[in-house]
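Commentary on secondary and tertiary structure
Residue strings, one per chain:
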Amino acid sequence: MRRAGHVAFAPSAPLDPPVTREDIEGALEQFARYVTASHRRAFWRTENGKQKWIIQPEKQAQTLLELFLQARLADRVEVFREIAAGGGRVDIYVLGRSGLAVIIELKMTGPSYPTKYAFAGTEQITHYMDAKNVRLGYLVLFDARGEKKFGTTPDASTVPPPNTVRSMIVDVRRRSR
């Protein structure tokens, strides 16, 4: 618009606020509900009349979570898969525009994936956090265990300060209960 020899610009849309820990946790909780409601069967196949995990179910989980976080948090974050950290590779690394960095480790638990294996993810995340100088991590358990063990998570008190590791459950049991 022109007004008395000056050009007036329409105000630009405000930038989305920086991503926070609460935003990450909210997105992970939404992801868990989404997979449980709509995609739990994507982790299973039938072989000789028996339900078994698909081949490389963790890769399926990585792909779903990466796409979900990119869609949910848009340009507020960058999402990376399989980046080097210490002696291993981080499943998902989220870097917020504001500098917030988060490490997400995914573990399957249930048939062929013992609880002990999944819970060792806490130690694994702590190692990655130290290697990448990140203080916030999430262990996302794709849980197909039976009723007695379903939903249990590792003891977070074993994580040395100043690190924080939170556990989240995604229900991928073969059938609704």
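This section reports on the structure supplied with the text. Bear in mind that the values here come from a model prediction, so they are computed numbers and not experimental data. (Residues numbered from 1 in each chain as written. Predicted model: local features only at pLDDT ≥ 70, side-chain atom pairs only at ≥ 80, totals over all residues. Heavy atoms only, no water.)

A closer look at the overall build of the chain
For the chain, the count of helices and strands is four helices and nine strands. When the helices and strands of the chain are listed from N to C terminus, the series reads β-β-α-β-β-α-β-β-β-α-α-β-β. Each principal axis of the C-alpha atoms in the chain carries an extent, and together these give about 80 × 40 × 25 Å. Residue burial in the chain is summarised as follows: out of 177 residues, 41% are buried. Long-range pairs, those at least 24 residues apart, make up 62% of the contacts in the chain between residues at least 6 apart in sequence. Looking at the chain as shown, the accessible area adds up to about 10,100 Å², and 53% of this sits on carbon and sulfur atoms. Within the chain, the 19 negative side-chain charges are centred at a point lying 5 Å from the centre of the 27 positive side-chain charges. (Helix = DSSP H or I, 4+ residues; strand = E, 2+ residues; numbered from the N terminus. Buried < 20%, exposed > 50% of the residue type's maximum accessible area, 1.4 Å probe, protein only. Contact = heavy atoms within 4.5 Å. Areas by Shrake-Rupley, 256 points an atom, 1.4 Å probe, with all protein chains shown as cover. Lys, Arg positive; Asp, Glu negative; His and termini not counted. Charge placed at Lys NZ, Arg CZ, Asp CG, Glu CD.)

Some points on the packing of aromatic side chains
How two aromatic rings sit relative to each other is given by the distance of their centres and the angle of their planes. One pass over the structure, following the stated rule, counts eight aromatic pairs. A network of ring pairs unites the aromatic residues Phe 31, Tyr 34, Phe 43, Phe 68 and Phe 142 as a single cluster. Positioned above the aromatic ring of Phe 150 is the side chain of Arg 173, whose terminal nitrogen or guanidinium carbon lies 3.6 Å from the ring centre. (Phe/Tyr/Trp six-rings, centres within 6.5 Å; stacked < 30°, edge-to-face > 60°. Lys NZ or Arg CZ within 6 Å of the ring centre and 35° of its normal.)

Focus: the pairing of strand β7 (residues 101–109)
Burial within β7 is extensive, with nine of its nine residues counted as buried. Alternating positions in β7 separate into two faces, Ala 101, Ile 103, Glu 105, Lys 107 and Thr 109 on one and Val 102, Ile 104, Leu 106 and Met 108 on the other, with burial throughout. Of the pairings in the sheet, the one linking strand β6 (residues 88–96) to β7 comprises four bridges and is antiparallel in character. For Leu 95, the partnering residue across the bridge sits in β7 and is Ala 101. Joining the antiparallel neighbours β6 and β7 is a turn of four residues, in which Gly 99 adopts a positive phi near 105°. Pairing analysis gives seven bridges linking β7 to strand β8 (residues 136–143), with the strands arranged parallel. Considered in β8, the bridge of Met 108 is made with Phe 142. (Pairing = 2+ DSSP bridges.)

As for the pattern of salt bridges
Taken as a whole and assessed by the stated rule, the structure comprises 14 salt bridges. For Arg 76, the salt bridge goes to Asp 23, with nearest N and O atoms at 2.5 Å. Here the residue Arg 76 occupies a position in the loop between α2 (57–73) and β5 (77–85), and Asp 23 occupies one in helix α1 (residues 21–39), the gap between them amounting to 53 residues. We classify Asp 23 as partly exposed; its relative accessible area is 23%. Where Glu 66 meets Arg 81, a salt bridge forms, and the shortest distance between an N and an O atom there is 3.2 Å. On the criterion of sequence distance, the pair formed by Glu 66 in helix α2 and Arg 81 in strand β5 is long-range, its members being 15 residues apart. Taking relative accessible area as the criterion, Glu 66 reaches 17% and is therefore assigned buried. (Salt bridge = Lys/Arg side-chain N within 4 Å of Asp/Glu carboxyl O.)

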